[in-house]
Amino acid sequence: MQVVGISASVVVGTLLLVALWALRRRLHARELELEQKARELERRAQELSVSRAAEQRLGEELAEARRAEDEARRAREEAVTASRAKSAFLANMSHELRTPLNSILGFAQLVERDPSLADRHRENLAVICKSGEHLLGLVNDILEMAKIEAGRMTLVDTDFDLHETLSGLSEMFAVEAQKRGLTLTVEREQDVPRHVHGDEGKLRQVLINLLGNALKFTPRGSITLRASARRSTGTYEGGAYDGGAHDGAAAGRVRVSFEVADTGRGMAREELAELFEAFAQTATGRRSREGTGLGLHISRRIVRLMGGDIRVESQVGRGTTLRFDVRLSLADAAGARAGGAPRALRVVGLSSGQPRYRVLVVDDRWDVRHCLLKLLDSVGVEARSATNGLGAVAQWETWAPHLVLLDLRMPLLDGYEAASRIKASPRGHETVVVAMTASAFEQNRALAAEAGCDDFVSKPFRDADILGLLTKHLGARFEVEERPSEPRSAQAAPAVDLARAAAGLPPSLRKDLRRAATRLDAKAVQATLDRFRPEDAELAGAVAELARGYRFDSILALSSAEEEEPS
């Protein structure tokens, strides 16, 4: 029994130990579970904290985004306001600069029409006109650049005679080329259409800039302008294309290519990269001290606007070639002729058997009115004037003019409203209203057309522009007098290589000539010329013509020709 009792005690003790061990295990497992839950709760608390921080950051980012959006909206509003202010500034500057230039060039042309004018006065007038045209070109470059930046440059397409345009460019640069002893050639392939539709003014602007640069930087040799047209199908007969398309375009379209090549100083490869940058000039351009560095930049923007691009090839000492192409449309001959102004500059009066045309000139500036009245009176056209839109409407009602030259910017009643009032009545449809403006923006043309104007002329205008309007809209015919002989400064100088001849002068003479040209001293230039006139009268005469035209820059280039030649 005692043994049994001991065994039972052992079993009970063992069972208690097992129970205690199991309980301890359960307590330990419970502790681990609680610790895990605590860690989970801590992790969730951390995640919640991170989430709250992220939510706070998101809120801050949203607030920042709203502030940025508000700032961007204010910036856009300020940009629009600034753009409008810039446009208004450009319009005002254009008007203020081009209007006095219109008077300078206009009155110079009026005086030049006087057949009794002495040759020496005609020479002075030629200098005034040339300087005025140069200043106008600089003003136009700056305004054109500003229009590009403002996104305001647009094309104004009309029908024109491309062959006549190229011939006119040849005549324009021939005299200057001969004065410099250069050969100027204009080559036009047979496939170039004659009558086309496009922006003649901008095409001429590009070609004039390229030819002007070629003349400026070519001391000797030749300059060549080439024109060609690419076509894919169809035939070209008698000045018109028979069906087909050109360069992949639809029928009636043509891609015309132009190339201006010279044998001038050329440019280094590293200079070509910045050639078309605004206000950038090559080393040769900086030495010439001419221009603004805008011409090629503006030309490239114009060519791209016309559907092409400009490419350049150049070698130092070998010359430069610039090529570009533009898209044009084919036009009929009648439309191209109708858009052109008479080329004759010496109109003496109306042909016999024509009615007495009445023209009303409306402008708030006395000089513009006076210049136009004198021009119209000199050719036998009856003309009256008004100073604002109200006076224009009143004169139109009482006098019934055939044509009204109407300035767009005037006090009391501007030209747009005056044109609308005139064209609002049935009788107004029989009156030709031509808008005049010195503004640089082409959209004025569209606004004038919406107001009822039949045509548009920009200031400064020339005699041929005004008389061309009478021919175009009224059918006026004019008697043309053969031009008097050109004054000596405008005549073509002998085709002598001036740079080469000047390089042959003794160093002391070249130094004195350079010093006189630097001081803009015409008397000193003449005194230097007298020293070598017996040995080289032709060179002395050519340089004297440059001095009479105040072309001291060209004299300086001649006297420095040897030093400026590239190595």
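Report follows, based on the coordinates. (Residues numbered from 1 in each chain as written. Predicted model: local features only at pLDDT ≥ 70, side-chain atom pairs only at ≥ 80, totals over all residues. Heavy atoms only, no water.)

**Some words on the overall build of the protein chain**
For step 1, the next point in the chain: The number of helices and strands found in the protein chain is 19 helices and 16 strands.
For step 2, the next point in the chain: Looking at the protein chain residue by residue over its 567 residues, the buried ones come to 41%.
For step 3, the next point in the chain: Put simply, 73% of the contacts in the protein chain that link residues at least 6 apart link residues at least 24 apart.
For step 4, the next point in the chain: Summed over all atoms, the accessible surface of the protein chain reaches about 30,100 Å², with 53% contributed by carbon and sulfur. (Helix = DSSP H or I, 4+ residues; strand = E, 2+ residues; numbered from the N terminus. Buried < 20%, exposed > 50% of the residue type's maximum accessible area, 1.4 Å probe, protein only. Contact = heavy atoms within 4.5 Å. Areas by Shrake-Rupley, 256 points an atom, 1.4 Å probe, with all protein chains shown as cover.)

**Overview of empty space enclosed by the protein**
For step 1, the next point in the chain: Counting across every chain of the model gives one cavity of 30 Å³ or more.
For step 2, the next point in the chain: When its volume is computed, the largest cavity comes out at roughly 40 Å³.
For step 3, the next point in the chain: Together, Gly106, Gln109, Cys371, Leu372, Leu375, Phe461, Arg462 and Asp463 line the largest cavity.
For step 4, the next point in the chain: Counting only elements with at least two residues in the lining of the largest cavity, the list comes to helix H1 (2-112) and helix H9 (366-378).
For step 5, the next point in the chain: Residue contributions to the lining of the largest cavity peak at three residues, all from H9.
For step 6, the next point in the chain: Looking at side-chain class alone, the lining of the largest cavity contains four nonpolar, two polar and two charged residues. (1 Å grid on protein atoms, 1.4 Å probe; cavity = no way out; pocket = protein on both sides within 12 Å on 5 of 7 lines; lining within 4 Å. Points joined across faces, edges and corners; volume = space filled by probe spheres on them. Nonpolar A, V, L, I, M, F, W, Y, C, P; charged D, E, K, R; others polar.)

**Quick notes on the pairing of strand S7 (residues 253-262)**
For step 1, the next point in the chain: Most of S7 is tucked away, with nine of its 10 residues classed as buried.
For step 2, the next point in the chain: Sheet topology note: the strand S4 (residues 221-230)/S7 ladder contains eight bridges and is antiparallel. Across the sheet, the residue bridging to Leu225 is Val260, located in S7.
For step 3, the next point in the chain: Inspection of the sheet shows S7 paired to strand S9 (residues 319-330) by nine bridges, in the antiparallel sense. What sits directly across from Val260, in S9, is Leu322. (Pairing = 2+ DSSP bridges.)

**What to know about the sheet that holds strand S11 (residues 358-362)**
For step 1, the next point in the chain: Ordered in space as S12-S11-S13-S14-S15, the five strands form an open sheet in which the pairing is parallel. At either margin of the open sheet sits one strand with a lone partner, and together these are strand S12 (382-386) and strand S15 (455-458). For this sheet the average axis-to-axis angle between neighbouring strands, irrespective of direction, equals 20 degrees.
For step 2, the next point in the chain: The sheet contact formed by strand S13 (residues 403-407) and strand S14 (residues 432-437) spans five bridges and is parallel. Paired with Val404 across the two strands is Val433, which belongs to S14.
For step 3, the next point in the chain: Across the sheet, H9 lies against S11, S12, S13 and S14, angled at about 170 degrees from S12, the strand it touches most. (Axes fitted to C-alpha atoms, helices over the stretch in contact; angles between N-to-C directions.)

**Here we look at helix H16 (residues 522-532)**
Residues that lie three or four places apart on an α-helix share one face, since the helix turns once every 3.6 residues.
For step 1, the next point in the chain: Those residues of H16 lying buried are Ala524, Val525, Thr528, Leu529 and Phe532. For H16, the arc enclosing every buried residue in end-on projection is 140 degrees, short of the 170-degree limit, so these residues lie on one face. (Arc of directions from axis to C-beta.)

**A few points about the packing of H9 against helix H13 (residues 463-474)**
For step 1, the next point in the chain: Here H9 crosses H13 at 60 degrees, and the two axes come no closer than 11 Å. Regarding the angle of H9 to H13, the classification is oblique. Note that H9 runs across H13; the crossing there is right-handed. Contact residues: Leu372, Leu375 and Leu376 in H9; Asp463, Ile466 and Leu470 in H13.
For step 2, the next point in the chain: Taken together, the residues of the contact of H9 with H13 sort by class into five nonpolar, no polar and one charged. (Parallel < 35°, antiparallel > 145°, perpendicular 65-115°, else oblique. Left-handed = near helix turned anticlockwise from the far one by under 90°.)

**Structural notes on unusual backbone geometry**
For step 1, the next point in the chain: Phi is positive for Ala400, which is not a glycine, with a value near 55 degrees.
For step 2, the next point in the chain: Accessibility expressed as a relative area gives 28% for Ala400, which makes it partly exposed.
For step 3, the next point in the chain: Within the chain, Leu412 stands out as a residue other than glycine whose phi angle is a positive 65 degrees.
For step 4, the next point in the chain: Relative to the assigned elements, Leu412 resides in the loop between S13 and helix H11 (415-423).

**Observations regarding the packing of aromatic side chains**
For step 1, the next point in the chain: Applying the stated criterion across every chain, the model contains one aromatic pair.
For step 2, the next point in the chain: With a centroid separation of 5.2 Å and an interplanar angle of 25 degrees, the aromatic rings of Phe258 and Phe324 are classed as stacked. Of this pair, Phe258 sits in strand S7 while Phe324 sits in strand S9, placing them 66 residues apart in sequence.
For step 3, the next point in the chain: Here Phe324 falls in the buried class, since its relative accessible area comes to 1%.
For step 4, the next point in the chain: We note Arg427 situated over the ring of Trp396; from NZ or CZ to the ring centre the distance is 4.3 Å. (Phe/Tyr/Trp six-rings, centres within 6.5 Å; stacked < 30°, edge-to-face > 60°. Lys NZ or Arg CZ within 6 Å of the ring centre and 35° of its normal.)

**Overview of the pattern of salt bridges**
For side chains of opposite charge, pairing can occur when their charged atoms come near one another.
For step 1, the next point in the chain: Enumeration according to the criterion identifies 23 salt bridges in this entry.
For step 2, the next point in the chain: Put simply, Arg194 and Asp161 hold a salt bridge, and the shortest N to O gap is 3.0 Å. Residue Arg194 is found in the loop between strand S2 (182-188) and strand S3 (195-198), and its partner Asp161 is found in strand S1 (residues 158-161); the two are separated by 33 residues along the sequence.
For step 3, the next point in the chain: Residue Arg194 is classed as partly exposed on the basis of its relative accessible area of 36%.
For step 4, the next point in the chain: Overlapping salt bridges bring together Glu187, Arg226, Glu259, Glu313 and Arg323 as one network. (Salt bridge = Lys/Arg side-chain N within 4 Å of Asp/Glu carboxyl O.)

**Some thoughts on the nonpolar core**
For step 1, the next point in the chain: The biggest cluster of nonpolar side chains holds 34 residues, and the ones touching the most others in it are Leu162, Leu166, Leu203, Leu207, Phe258, Phe324 and Val326.
For step 2, the next point in the chain: Elements supplying a minimum of two residues to this core: helix H3 (162-179), helix H4 (200-216), S4, S7, helix H7 (295-305) and S9.
For step 3, the next point in the chain: Counting residues per element, this core draws most heavily on H4, which supplies seven residues.
For step 4, the next point in the chain: Contact partners of Val326, with chain neighbours within four places excluded, come to Leu203, Val254, Arg255, Val256, Phe258, Val303 and Met306.
For step 5, the next point in the chain: Among the nonpolar cores identified, the runner-up in size contains 27 residues, and Val359, Val434, Leu467 and Phe478 belong to it. (Core = buried A, V, L, I, M, F, W, Y, C linked by side-chain atoms within 4.5 Å.)

**Some points on the pairing of S3**
Remember that side chains alternate between the two faces of the sheet whenever the strand is regular.
For step 1, the next point in the chain: Relative to S3, S1 runs antiparallel, the two being bridged by four bridges. Across the sheet, the residue bridging to Thr158 is Gly198, located in S3.
For step 2, the next point in the chain: Relative to S9, S3 runs antiparallel, the two being bridged by two bridges. Opposite Val196, over in S9, you have Leu330 as the bridge partner.

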